[in-house]
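Residues per chain, in single letters:
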Amino acid sequence: AQTVTQSQPEMSVQEAETVTLSCTYDTSESDYYLFWYKQPPSRQMILVIRQEAYKQQNATENRFSVNFQKAAKSFSLKISDSQLGDAAMYFCASSQAGNMLTFGGGTRLMVKP
Amino acid sequence: DTAVSQTPKYLVTQMGNDKSIKCEQNLGHDTMYWYKQDSKKFLKIMFSYNNKELIINETVPNRFSPKSPDKAHLNLHINSLELGDSAVYFCASSQESSGATEAFFGQGTRLTVV
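The text that follows walks through the structure, step by step, so that each part is easy to find. This structure is a prediction, so every number in the text was calculated from the model and none was measured.

**Notes on the side chain of Asp-85 of chain B**
Residue and element names in this part refer to chain B.
Move 1: Relative to the helices and strands, Asp-85 resides in the loop between β8 (73–78) and β9 (87–94).
Move 2: There is a polar contact of 2.8 Å between the side chain of Asp-85 and the side chain of Arg-63.
Move 3: Ignoring anything within four residues of it in the chain, the contact list for Asp-85 reads Lys-36, Arg-63, Phe-64, Ile-78, Ser-80, Leu-111 and Val-113.

Have a look at this one:
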């Protein structure tokens, strides 16, 4: 079974600053994928970024990047130049056989103007 | 066009009733899922289904059952609703089931049992 842990229930960041959200996971799978999803107040789950575990290079998507430390089973999300629209719940997730996602408990990100 | 759509968006019902939530995807995906998000925002897989296999999370009560009339639809039936079933239910789909492809989510259905 996989487990995903997000140790920060809430984080806040000043607009235009950088923030890092933490995530650790545990899995017995040798082949797996990691994701960050954003859930704004609209409730819609939106994929922010994904990382294949077999790739050493950290994934980046515009202002979003990850720090993937496979040995430490750590997968943090860095948001640069934070914008008001980044305010949301952020969920870290891992996929297992059958592509079923195991989610962390979420981090609520607040962006201060 | 909405990729994954669920109906209804909100559902309020009494304890003991039977209800269904519909889900349709127009992405041509092979695999569909149901997730439950509780009041503390915790998301948990309930079912994974493609045309070959249904995988059930063992913690899901058998009052919950997925029904798929075709590849584009995976409806969720809930019998004898209980107060604890109140949650947001998300349908999702992905191209295949290896974990390599992105899952697309519907907008969620907020179920309130009174």
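**Concerning the pairing of β9 of chain B**
Residues and elements named next belong to chain B.
Move 1: With eight of its eight residues buried, β9 lies for the most part within the structure.
Move 2: The alternating pattern of β9 places Ala-87, Tyr-89, Cys-91 and Ser-93 on one face and Val-88, Phe-90, Ala-92 and Ser-94 on the opposite face, and all of these are buried.
Move 3: Pairing of strand β4 (residues 31–37) with β9 involves seven bridges; the strand directions are antiparallel. Considered in β9, the bridge of Met-32 is made with Ser-93.
Move 4: As paired strands, β9 and strand β11 (residues 109–113) are joined by three bridges and run antiparallel to one another. Counterpart to Tyr-89 in the pairing with β11 is Thr-109.
Move 5: Bridge count for β9 against strand β10 (residues 104–105) is two bridges, and the pairing is antiparallel. By the bridge assignment, Ser-93 is partnered in β10 with Phe-104.

**Brief notes about the state of the cysteines**
All names here are of chain A.
Move 1: Overall, the coordinates contain two disulfides over all chains when judged by the stated rule.
Move 2: Residue Cys-23 pairs covalently with Cys-92 via a disulfide, S to S 2.0 Å. Where Cys-23 bonds to Cys-92 through sulfur, the torsion about that S-S bond is close to -70°, and the disulfide is left-handed. Linking Cys-23 in the loop between β3 (19–21) and β4 (24–26) with Cys-92 in strand β10 (residues 88–95), this pair joins segments that are 69 residues apart in sequence.

**Considering the interface of chain B and chain A**
A common way to report how large an interface is uses the accessible area buried once the components associate.
Move 1: Residue-level contacts link 28 residues of chain B with 21 residues of chain A.
Move 2: Between chain B and chain A the total buried area reaches about 2,000 Å² when both faces are included, carbon and sulfur atoms providing 55% of it.
Move 3: Counting across the chain B and chain A interface gives zero salt bridges.
Move 4: Our count for the contact surface shared by chain B and chain A stands at eight residue pairs in polar contact (both at pLDDT 80 or more).
Move 5: Elements supplying a minimum of two residues to the side of chain B that touches chain A: β4, β5 (43–49), β9 and β11 of chain B.
Move 6: In the side of chain B that touches chain A, the residues fall into 12 nonpolar, 11 polar and five charged.

**Observations regarding unusual backbone geometry**
What you tend to see is this: most non-glycine residues have negative phi, and most peptide bonds are trans.
Move 1: The omega angle of the peptide bond from Thr-7 of chain B to Pro-8 of chain B is -5°, so this bond is cis rather than trans.
Move 2: Within the fold, Pro-8 of chain B resides in the loop between β1 (4–7) and β2 (10–13).
Move 3: Not every positive phi belongs to a glycine, and Arg-43 of chain A is a case in point at roughly 85°.
Move 4: Relative to the elements of secondary structure, Arg-43 of chain A occurs in the loop between β5 (33–39) and β6 (46–52).
Move 5: The backbone of Asp-81 of chain A sits at a positive phi, close to 50°, despite the residue not being glycine.
Move 6: Structurally, the position occupied by Asp-81 of chain A is in the loop between β9 (74–79) and β10.

**Focus: the nonpolar core**
Move 1: By size, the foremost hydrophobic cluster in this structure holds 24 residues, and its most contacted members are Trp-36, Phe-75, Leu-77 and Tyr-90 of chain A.
Move 2: Those elements that provide at least two residues to this core are β3, β5, β6, β8 (64–69), β9, β10 and β12 (107–112) of chain A.
Move 3: Residues Tyr-37, Phe-91 and Met-100 of chain A together with Phe-105 of chain B belong to the second largest nonpolar core, which totals 20 residues.

**Some thoughts on the packing of aromatic side chains**
Move 1: On inspection of all chains with the given rule, the structure shows 13 aromatic pairs over all chains.
Move 2: With a centroid separation of 6.3 Å and an interplanar angle of 85°, the aromatic rings of Phe-68 of chain A and Phe-75 of chain A are classed as edge-to-face. For the pair Phe-68 of chain A and Phe-75 of chain A, a shared accessibility class is recorded, and that class is buried.
Move 3: One aromatic cluster is present, formed by Phe-35, Tyr-37, Phe-91 and Phe-103 of chain A together with Tyr-33, Tyr-35, Phe-90 and Phe-105 of chain B through successive ring pairs.
Move 4: Its end group placed over the ring of Tyr-10 of chain B, Arg-43 of chain A keeps NZ or CZ at 5.1 Å from the ring centre.

Thresholds, definitions, all that
- Residues numbered from 1 in each chain as written.
- Chains lettered and ligands numbered in written order.
- Predicted model: local features only at pLDDT ≥ 70, side-chain atom pairs only at ≥ 80, totals over all residues.
- Heavy atoms only, no water.
- Helix = DSSP H or I, 4+ residues; strand = E, 2+ residues; numbered from the N terminus.
- Polar contact = N/O pair within 3.5 Å; in protein donor to acceptor, adjacent residues only side chain to side chain.
- Contact = heavy atoms within 4.5 Å.
- Buried < 20%, exposed > 50% of the residue type's maximum accessible area, 1.4 Å probe, protein only.
- Pairing = 2+ DSSP bridges.
- Disulfide = S-S within 2.5 Å.
- Buried area = accessible area lost by both parts, 1.4 Å probe.
- Salt bridge = Lys/Arg side-chain N within 4 Å of Asp/Glu carboxyl O.
- Nonpolar A, V, L, I, M, F, W, Y, C, P; charged D, E, K, R; others polar.
- Core = buried A, V, L, I, M, F, W, Y, C linked by side-chain atoms within 4.5 Å.
- Phe/Tyr/Trp six-rings, centres within 6.5 Å; stacked < 30°, edge-to-face > 60°.
- Lys NZ or Arg CZ within 6 Å of the ring centre and 35° of its normal.

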